[in-house]
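Structural description and commentary
Chain residues, written in single-letter form:
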Amino acid sequence: MDNILVIGSSGQIGSELVMALRKIYGNEHVFATDIKQPTKEVRKSGPFQNLDVLDFNNLLHFLVRFNITQIYNLAAVLSGNAEKIPLQAWDINMKALMNTLEAARESGAKKLFWPSSIAVFGPTTPRHDTPQLTVMEPNTVYGISKLAGERWGEYYNKRYGVDFRSVRYPGLISYKTEPGGGTTDYAVEIFFDAIKKGSYQCFLKEDTALPMMFMDDAIANTIKLMQADPKKLSLRSAYNMAGISFDPKQLAAEIRKHIPEFTISYKPDFRQTIAESWPASIDDSIARKDWGLSTSFNLEKMTTIMLRKIREKASKST
Ligand code: SER
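Since we're looking at a predicted model, the values are computed, not measured. (Residues numbered from 1 in each chain as written. Predicted model: local features only at pLDDT ≥ 70, side-chain atom pairs only at ≥ 80, totals over all residues. Heavy atoms only, no water.)

Description of the overall build of the protein chain
When helices and strands are tallied, the protein chain shows twelve helices and 14 strands. Computed over C-alpha atoms, the radius of gyration of the protein chain comes to 19 Å, within 12% of the 20 Å expected from 2.2 N^0.38 for 318 residues, which places it in the range of a compact globule. Dimensions of the protein chain along its principal axes, counting C-alpha atoms only, are 55 × 45 × 40 Å. Out of the 318 residues belonging to the protein chain, those deemed buried represent 57%. Considering only contacts in the protein chain between residues 6 or more positions apart, those separated by 24 or more positions represent 79%. Total accessible area on the protein chain is roughly 13,600 Å²; 51% of this is exposed by carbon and sulfur atoms. One way to put it: in the protein chain the 40 positive side-chain charges average out to a point 4 Å from where the 35 negative ones average out. (Helix = DSSP H or I, 4+ residues; strand = E, 2+ residues; numbered from the N terminus. Rg over C-alpha atoms; globule rule 2.2 N^0.38 Å. Buried < 20%, exposed > 50% of the residue type's maximum accessible area, 1.4 Å probe, protein only. Contact = heavy atoms within 4.5 Å. Areas by Shrake-Rupley, 256 points an atom, 1.4 Å probe, with all protein chains shown as cover. Lys, Arg positive; Asp, Glu negative; His and termini not counted. Charge placed at Lys NZ, Arg CZ, Asp CG, Glu CD.)

Here is the structure:
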């Protein structure tokens, strides 16, 4: 029987991943933890505990006490925020990972998922159809920490046998919990503002294409990777995961199909430079071949669902 620990369960990914895992493994076997309050859904459906991943002893104690066999560590300071507090962000992102790697090794927890990101690539990486193996010279604190993290994950796998698994998430788009401080956040904010105000001021230029993915696809593939036969995994760093590539102008045009009066204006800030250093599109053929990565949301379908769900949320809260 698997007992699963989700670290960072109150965040954008965690709040949805916990619910998906509870459906598969049973509510009482999925332990949600964070230093922030959980969503109502997470709190009501199963165990939630305050746990600071930076506190190694507490983390190790938790793993042993609840006989944890799988860990998902989603705690991170995202790209935009990390640029404002470089040393702290490095410290938090790396310590959170190193603590879980060490705790997984010491406690014998069987599997560890930790997300990497498209931020591992940099301005010298080929921008289109970026391959799995290529030039990697990230120039953001977040990107440097993710690249270092991938290397450490692979190291713990090869050296100590920790079953480390990871993907390079593209920008993730969801309506339940908003992200905070990321460069791809515009693609979430735009939907909320389209419904609330009918307009959006974008912090990236109109033609800045980035790879993105609807949360349902991200969650389904994350769980698929964790359930994959270890013999099929040719990589123990992090797999490229492409999703759909579009720029703010294309997304605005798609929203206008539903809200014809929607307007967008552009006021690029420091995140423009970050976005320009990341790929516009990604080659994820190795993940498709190794463990069956597949997606089912294109730009059209994702836009329709985002607008419908945010409208429903808005009408419930009024
Ligand atoms: N979505 C993240 C960010 O923008 C990238 O992984 O920081």
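Section: the pairing of strand β2 (residues 30-34)
Within β2, five of the five residues are buried, which leaves the element mostly enclosed by the surrounding structure. With burial as the criterion, each face of β2 is covered, one bearing V30, A32 and D34 and the other bearing F31 and T33. Pairing analysis gives four bridges linking strand β1 (residues 4-7) to β2, with the strands arranged parallel. Bridge pairing links I4 to V30 in β2. Of the crossover connections in this fold, the one passing from β1 over helix α1 (residues 14-25) to the parallel β2 is right-handed. With three bridges connecting them, β2 and strand β3 (residues 48-50) associate as parallel partners. In the sheet register, D34 faces β3, and the bridge partner there is N50. Note that the unit made of β2, helix α2 (residues 40-45) and β3 has a crossover that is right-handed. (Pairing = 2+ DSSP bridges. Right-handed = clockwise from strand over helix to strand, strands pointing away.)

Describing the sheet that holds strand β8 (residues 167-169)
Taken together, the three strands give an open sheet; going across it, the order is β6-β8-β12, and neighbouring strands pair in parallel fashion. Looking along the sheet, the strands with just one partner apiece sit at the ends: β6 (116-117) and β12 (239-240). Judged from the two bridges that link them, β6 and β8 form a sheet pairing that is parallel. From the neighbouring strand, S116 faces β8, where its bridge partner is R168.

Some words on the nonpolar core
Counting residues in each nonpolar core, the largest one holds 46 residues, and the members touching the most others are Y186, F191, F246, L251 and M302. The set of elements that each furnish at least two residues to this core consists of α6 (141-160), α7 (186-196), β10 (199-202), β11 (210-214), β13 (244-246), α9 (248-256), α10 (271-276) and α12 (299-317). The element contributing the most residues to this core is α7, with seven residues. If near-sequence neighbours (up to four positions away) are discounted, F246 is found in contact with I173, Y186, A187, T208, A209, L210, M212, L251, L299 and M302. Core analysis: the second largest hydrophobic core is formed by 32 residues, V30, A218, L235 and Y239 among them. (Core = buried A, V, L, I, M, F, W, Y, C linked by side-chain atoms within 4.5 Å.)

Topic: the site of the ligand
With respect to spatial proximity, the complete set of residues near the ligand consists of L78, S79, S117, Y142, G182, T183, T184 and W278. Between an oxygen atom of the ligand and a side-chain N or O atom of S79, the distance comes to 2.6 Å. Here an oxygen atom of the ligand sits 2.6 Å away from a polar atom, N or O, in the main chain of T183. Summarising the interface, the protein chains cover 93% of the accessible area of the ligand, which totals 230 Å² for the free molecule. (Near = heavy atom within 4 Å. Polar contact = N/O pair within 3.5 Å; in protein donor to acceptor, adjacent residues only side chain to side chain.)

Regarding α1
Given a rise of 1.5 Å per residue, twelve residues ought to cover 16 Å, and the 16 Å separating the end C-alpha atoms of α1 matches this to within 8%. The element α1 is extensively covered by neighbouring structure, given that nine of its twelve residues are classed as buried. Every buried residue belonging to α1 is among G14, S15, E16, L17, V18, M19, L21, R22 and Y25, and all of these are buried. Looking at the buried positions of α1, the neighbouring elements they touch are β1, β2, α2, β4 (70-73) and α8 (215-227). G26 lies just past α1 and shows a positive phi near 95 degrees. (Expected span 1.5 Å × (residues − 1).)

These figures capture arrangement, not role.
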